[in-house]
Amino acid sequence: MMETTAAELERDYVLLQKRLTELLPRPGRRSPGMGLTLFRGESAARLESGFCPPSLGVTVQGVQEALMGTETHVCGRGRYLLNCVGMPGSFLVREEGGRHPFLSVALELDGALVFRLMEELPGAGGALSPPAESALQTADMTPDMLGAFRRLVEAMCDGQRARVLAPMIVREIHYYLLTGPSGRCLRSFYTPGSPGGQIAQTTGYMRAHCRERLRMEELASLVNMAPSTFSRNFRKVTSLSPLQFHKHLKLHEARRLMMTECCSAVSACAAVGYESRQQFSREYKRLFGRPPMRDVMQETTPKKRA
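Residue positions are given per chain, counting from 1 as you read along its sequence in written order. Totals for whole chains, interfaces and linings use all residues, but because this is a predicted model, local features are given only for residues with pLDDT of at least 70 and pairs of side-chain atoms are given and counted only at 80 or more. The side-chain figures draw on all heavy atoms in the structure; neither hydrogens nor water molecules are used.

### Remarks on the nonpolar core
Right, on to step 1. Each nonpolar core is a collection of buried residues, namely Ala, Val, Leu, Ile, Met, Phe, Trp, Tyr and Cys, held together in the definition by side-chain atoms within 4.5 Å. Throughout this description, buried means an accessible area under 20% of the type-specific maximum (1.4 Å probe, protein chains only), exposed means over 50%, and partly exposed covers the range between. The biggest cluster of nonpolar side chains holds 70 residues, and the ones touching the most others in it are Tyr80, Phe149 and Leu152.
Right, on to step 2. Judged by nonpolar contacts, the second largest core, of 14 residues, contains Ala265, Ala268, Phe280 and Val296.

### Quick look at the side chain of glutamine 198
Right, on to step 1. Secondary structure elements are taken from DSSP: a helix is a run of H or I of four residues or more, a strand is a run of E of two residues or more, and numbering for both begins at the N terminus. Note on placement: glutamine 198 falls in helix α7 (residues 195-208).
Right, on to step 2. Leaving out residues up to four positions away in the same chain, glutamine 198 has contacts with Gly193, Val223 and Met225. Only heavy atoms enter the contact rule, under which two residues are in contact if any of them lie within 4.5 Å.

### Topic: the packing of aromatic side chains
Right, on to step 1. Between 30 and 60 degrees the pair is tilted, below 30 it is stacked and above 60 it is edge-to-face, where a pair is any two Phe, Tyr or Trp rings, Trp via its six-membered ring, whose centres lie within 6.5 Å. Within the structure shown, the criterion is met by 8 aromatic pairs.
Right, on to step 2. Here phenylalanine 234 and phenylalanine 245 contribute two aromatic rings whose centre-to-centre distance is 5.2 Å and whose plane-to-plane angle is 85°, an arrangement assigned as edge-to-face. Of the two residues, phenylalanine 234 is situated in helix α9 (residues 227-238) and phenylalanine 245 in helix α10 (residues 242-260); the sequence distance between them amounts to 11 residues.
Right, on to step 3. You can call phenylalanine 245 buried: its relative accessible area is 0%.
Right, on to step 4. Site record: aromatic cluster; members linked through ring pairs are Tyr274, Phe280, Tyr284 and Phe288.

### Quick look at the sheet that holds strand β2 (residues 36-41)
Right, on to step 1. Taken together, 6 strands build an open sheet; the order of strands is β1-β2-β9-β4-β7-β10 and the sheet is antiparallel. A single partner strand is all that each edge strand has here, and the edge strands are β1 (28-33) and β10 (136-140). This sheet shows a mean twist of 20° between the axes of neighbouring strands, independent of strand direction.
Right, on to step 2. Strand contacts of helix α5 (residues 166-179): β4 (55-61), β7 (79-83) and β9 (102-108), with the helix running at about 90° to β9, the strand carrying the most contacts. Here, strands pair whenever DSSP counts at least two bridges between them. Throughout, an axis means a line fitted to C-alpha atoms (over the contacting stretch in the case of helices), and angles, computed between N-to-C directions, take values from 0 to 180 degrees.

### Some words on a nonpolar patch on the surface
Right, on to step 1. Patch criteria: residues need more than 30% relative accessible area and no salt bridge. Like-charged residues are merged within 9 Å; nonpolar side chains of Val, Leu, Ile, Met, Phe, Trp and Tyr are merged within 5 Å. Accessible surface is estimated by sampling points in the Shrake-Rupley manner with a 1.4 Å probe; for residues, cover comes only from the protein chains shown. By convention in these notes, a salt bridge is any Lys or Arg side-chain nitrogen within 4 Å of a carboxyl oxygen on Asp or Glu. A cluster of nonpolar residues, Val164, Leu165 and Met168, forms a patch on the protein surface that exposes about 270 Å² of accessible area.
Right, on to step 2. With respect to the secondary-structure elements, methionine 168 resides in helix α5.

### Some thoughts on α10
Right, on to step 1. By definition here, a helix of n residues has an expected span of 1.5 Å times n minus one. A rise of 1.5 Å per residue sets the reference length of α10, with its 19 residues, at 27 Å; its end C-alpha atoms lie 27 Å apart and thus fit the reference within 8%.
Right, on to step 2. Listing the buried residues of α10 in full gives Pro242, Phe245, His246, His248, Leu249, Lys250, Leu251, His252, Ala254, Arg255, Leu257 and Met258.
Right, on to step 3. Positioned one or two residues after α10, cysteine 262 has a phi angle of 55°, which is positive.

### Focus on the environment of alanine 200
Right, on to step 1. Inspection of the secondary structure puts alanine 200 in helix α7.
Right, on to step 2. Judged by its relative accessible area of 22%, alanine 200 falls in the partly exposed class.
Right, on to step 3. Here the alpha-carbon distance between alanine 200 and tyrosine 190, two residues 10 residues apart in the chain, equals 8.6 Å.

### Some thoughts on the environment of serine 31
Right, on to step 1. Mapped onto the elements of the fold, serine 31 is located in strand β1.
Right, on to step 2. On the accessibility criterion, serine 31 (53% relative accessible area) is exposed.
Right, on to step 3. For the pair formed by serine 31 and leucine 107, sequence separation is 76 residues and the distance between their alpha carbons is 9.9 Å.
Right, on to step 4. Sequence-distant contacts of serine 31, defined by excluding residues within four places in its chain, comprise Leu36 and Thr37.

Written as C-alpha cells, this is what we have:
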C-alpha cells in the first residue's frame, strides 16, 4: 500500500512538474483564476513580501521557506503548507540541487466554501470551542490532494473545463483539507465563537485598518475578549503580539509598494501611516535586514547566475 501511494505521488509530481515547466518557460508567476497561482523561480530568491491570504501551497520542485511572524516553515516535495489566517510574511525559494527551477502551485482558500462543507460533513464542526493554535501548518501530501491539484492545473488551461470542472475540483481540494490531517486546525478558524475564529476576524480588521493607530484594548473588545486572553490567543495563532503583527502589516505593505509600484521610501512611509521617517527606516531595517531603499535596489538589481 505504501509503495502504491508513493508511486501515485511520484507520477503526479512528474506530470505537474512537466506541465508547470510548459506553462512557465521562464521565471515568474501565472494566475489563471479560481484563486490558483503557478510559480517558477530560479536561484535562491525572495518570492514576495506582503499580505498572504489564507491559502494552501504545494511545492512541486525545490524547497520553499515561509517566513511569517517568528516562525519559519520549510516545505519541499511531499509536503504542503496550510495558512489558515491572512498574515504578513515573505517566502524564500530554492532550486532543487541548484540545477532545476523551483516550481509550486498555491490555492487561496474559499472561506464561504469551507463553511458550507463544514455544514455538510457530519461531525466536521469538531469541538464547540477548539483552542487557539498556530495558523501555519505543514502536513504530508496525499495522492488524492495532489491528483486534484494536477487536474485543476489542467482544467484551468482550457476555457470550457475551467468553467465546468474547476469549481468542482476546488471544492474537492477543500474537502480533502477538512477531512485530512490539517482538518481540525482549519475548522478551528471557521468555528463561530472559537478563539481561532475570533483572532482570524481581528487580523482581517487590522489589515483593513493598516494605516491607523490601533490599541490592543480596542482590538480585544471587537471579539469580546479580555485583553490578556486576546493577547495570549493572538500570539498562539500568529506567533506575534497584536502590536507586532500590526507593525509587520505596515512594513510588508510598504515594501510591496516600493517593489511593485515604484514608490519612494518617503511615499511608502506616509502611505502606511508612519509619522516618523527615522522610526520607519529603523523598524524596516530590523525586519528586512537593510534600510528601505538599499533593500529595494538589492532586490531589483538583476542577479547573474553562477
